[in-house]
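A look at the structure
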Amino acid sequence: MILDAALLFVRSHGWSKEAIANGAEAVNYPSVSHGLFPRGGIELVHHFYKQCNLKLIEHLKQETAELDKVPNPSDFARRAIEYRLRLLEPYLKHWPQALGLMTLPPNAPHSLANLLTLVDDICYYAGDRAVDFNWYTRRVGLACIYKTTELYMLQDSSPGFERTWKFLERRMEEASMVHEFLVKSEGATHQLQNAVGSAFTTARNILGLNFDRR
């Protein structure tokens, strides 16, 4: 409740203890209740990121509810990334601060876990469930596309972020070339598969999640 309320104060106080303190007061707790979140602003960032990921999952479930198979997985993934990034719009002015907090060494594992589960969910609902090499390369590639588009969006002043979505389209078109680069070396392929597989397992463990979406 406190963190949900604190999001209303991000625009005036950024991702900070002050925002959390104001959020606590808004739901009739004393402002010192921010002490419940000793890591400060990063806890608010992670809360927001988790809420956005949950909204994305609900959206993807609705998109695929009556489909036996997604007809165009690449376009589905592109639209999913756009949907997820649009959730940042109300907080875009202060999102660079959030990115800075997420990259600090103590916060990086949890932040990376959030990103990896985000792209894993997109791939899952796009129909990419066979655990072969494509499972790994698609997720790594999609994570790169998401982050580069996110950074582009921060600098985009076009109406409705039109240039951002065109940038995203171009990155999705280039994804096949990234895949070809990754599979050139059989040894590198095997090593990457092991490394990426471990990364996604670790990410879900950090967030207390599992891979059973039934």
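Residues numbered from 1 in each chain as written. Predicted model: local features only at pLDDT ≥ 70, side-chain atom pairs only at ≥ 80, totals over all residues. Heavy atoms only, no water.

The UniProt feature table records "domain: Ubiquinone biosynthesis protein COQ9 HTH" (unreviewed entry) at residues 2-25. Overall, residues 2-25 shows 75% helix and 0% strand. The separation of its end C-alpha atoms is 8 Å. (UniProt positions renumbered as here; feature names shortened; annotations may be inferred. Helix = DSSP H or I, 4+ residues; strand = E, 2+ residues; numbered from the N terminus.)

This next bit is on helix α7 (residues 108-125). Taking 1.5 Å per residue, 18 residues should reach 26 Å; α7 reaches 26 Å between its end C-alpha atoms and fits that length. For α7, the tally of buried residues reaches 14 of 18 residues, placing the bulk of the element in the interior. Of the residues trailing α7, G127 is marked for its positive phi of about 105°. (Expected span 1.5 Å × (residues − 1). Buried < 20%, exposed > 50% of the residue type's maximum accessible area, 1.4 Å probe, protein only.)

Considering the arrangement of structural elements, one finds S158 in the loop between α8 (133-154) and α9 (162-182). Residue classification places S158 among the buried residues on the basis of a relative accessible area of 10%. Polar contacts involving the side chain of S158 include one to the side chain of D156, which spans 2.6 Å. (Polar contact = N/O pair within 3.5 Å; in protein donor to acceptor, adjacent residues only side chain to side chain.)

This part covers the pattern of salt bridges. Using the criterion set out here, one finds 12 salt bridges in the structure. When the shortest N-O distance is used, the salt bridge between D75 and R78 registers 2.7 Å. Pair noted here: D75 and R78 are both in helix α5 (residues 73-86), with a separation of 3 residues, about one helical turn. A relative accessible area of 26% means that D75 is categorised as partly exposed. Residue R86 is joined to E89 by a salt bridge in which the shortest nitrogen-to-oxygen separation is 3.1 Å. (Salt bridge = Lys/Arg side-chain N within 4 Å of Asp/Glu carboxyl O.)

Membership of the largest hydrophobic core comes to 51 residues, with the highest contact counts inside it found for W15, L44, I81, W95 and I122. Every element with two or more residues in this core is listed here: α1 (2-6), α3 (17-26), α4 (41-64), α5, α6 (95-103), α7, α8 and α9. Sorting elements by how many residues they give to this core places α4 first, with 9 residues. Lining this core are residues from two domains, each supplying at least three of them: domain 1 (1-38) and domain 2 (40-202). Leaving out residues up to four positions away in the same chain, W15 has contacts with L7, V10, G41, L44, V45, F48, Y91, H94, W95, Q97, A98 and L101. (Core = buried A, V, L, I, M, F, W, Y, C linked by side-chain atoms within 4.5 Å. Domains from an automatic or database assignment. Contact = heavy atoms within 4.5 Å.)

Among the secondary structure elements, D156 is positioned in the loop between α8 and α9. Overall, the relative accessible area of 8% leaves D156 in the buried class. In contact with D156, other than residues within four places in its own chain, are F161, E162, R163 and T164.

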